[in-house]
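# A closer look at the structure
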Amino acid sequence: MVALVVLVNVLGAGTEGDTGAPRDRDRAPAQVEGAGPGSREDLPVLPLEVPPVTPEAEASCPAVMGKLPLELAGETSRRVQSDTPYVYAWGDPPVVLTCGVPRPAGWTVGASAIQINGVQWYVDTADPDATVWTAVDRPVYVEVRLPPGIDSAPVTELTVPLAEALPYQAPSPGP
C-alpha cells in the first residue's frame, strides 16, 4: 500500500481532462519560508578604526586572512572599511577579527588565559559593549570582538584557521 501511495505521488494521479503532461505547478520550484544568513551585500559596510599596520602584521596577517571562513557561527561575512586589510567582520551586530593588534593592556604576568583547540586566549570583559578575546601565543596578537549576548562559539570556530595560519609562539605577557 505504501509503495502505491509513493508511486501515485511521484507519477501523479490522473484527473479528468489530464493529458499526462506535467502541470505547471508540478514544475515550479519549491517555496521555502524563512530567511537564510543573507549575503555580504545585505549588510551595510562597517567602518572600523584599527591600529596601524606593523612589520610583524605585514609578515603574519596575510596568512590569517587567507584562512578565514566566509560564514562564522551561522553569520555571513560583511564588508568593512578600515585603514588595514587585516580586519574582517561577520553578522549584525558584528563579530570583528583584527590581526596585528598591540598586546592587550590586561595581558600581564599572572593574568590567566583560556586554551581552545591549542590556541591561548586572553579574555577582556571590561568593555560593556564587547567581550574581547585576544590570541596571545602567536607571532602577532589577533583580537576577536564579540558583541554582548554572543557566546564563545565564533572564537572556538576561529581557532582552527588561526592555528593553521600562524605557528605557536610562547606567550609574552607584559610586566
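To be clear, the structure that these remarks concern was listed above.
These numbers come from a predicted model, not from an experiment. (Residues numbered from 1 in each chain as written. Predicted model: local features only at pLDDT ≥ 70, side-chain atom pairs only at ≥ 80, totals over all residues. Heavy atoms only, no water.)

Turning next to the layout of surface pockets. Where empty space is left in the structure can be found by rolling a water-sized probe over the atoms. Here the largest pocket is characterised by a volume of approximately 270 Å³. Lining the largest pocket are 19 residues; nearest its centre among them are Leu48, Val96, Ala130, Glu143 and Arg145. (1 Å grid on protein atoms, 1.4 Å probe; cavity = no way out; pocket = protein on both sides within 12 Å on 5 of 7 lines; lining within 4 Å. Points joined across faces, edges and corners; volume = space filled by probe spheres on them.)

Glancing now at the side chain of Ser60. The topology assignment puts Ser60 in helix 3 (residues 55-67). Among residues more than four places away in sequence, those in contact with Ser60 are Pro139, Val140 and Leu166. (Helix = DSSP H or I, 4+ residues; strand = E, 2+ residues; numbered from the N terminus. Contact = heavy atoms within 4.5 Å.)

A word on helix 3. At Cys61, helix 3 shows its largest bend, some 40°, and a proline, Pro62, comes one to four positions later. All buried positions along helix 3 are accounted for by Ala57, Ser60, Cys61, Val64 and Met65. Summarising the contacts, the buried residues of helix 3 are in contact with strand 5 (87-90), strand 6 (95-101) and helix 4 (153-165). (Bend = angle between axes of the 7 residues up to and from the residue. Buried < 20%, exposed > 50% of the residue type's maximum accessible area, 1.4 Å probe, protein only.)

Within the structure shown, the criterion is met by five salt bridges. Close ionic contact of Asp137 with Arg138 constitutes a salt bridge, the shortest N to O distance being 3.2 Å. Assessed through its relative accessible area of 0%, Asp137 is described here as buried. On the accessibility criterion, Arg138 (7% relative accessible area) is buried. Glu143 is paired through a salt bridge with Arg145; the nearest N and O atoms lie 4.0 Å apart. Counted as one network, the salt bridges with shared partners bring together Asp127, Glu143 and Arg145. (Salt bridge = Lys/Arg side-chain N within 4 Å of Asp/Glu carboxyl O.)

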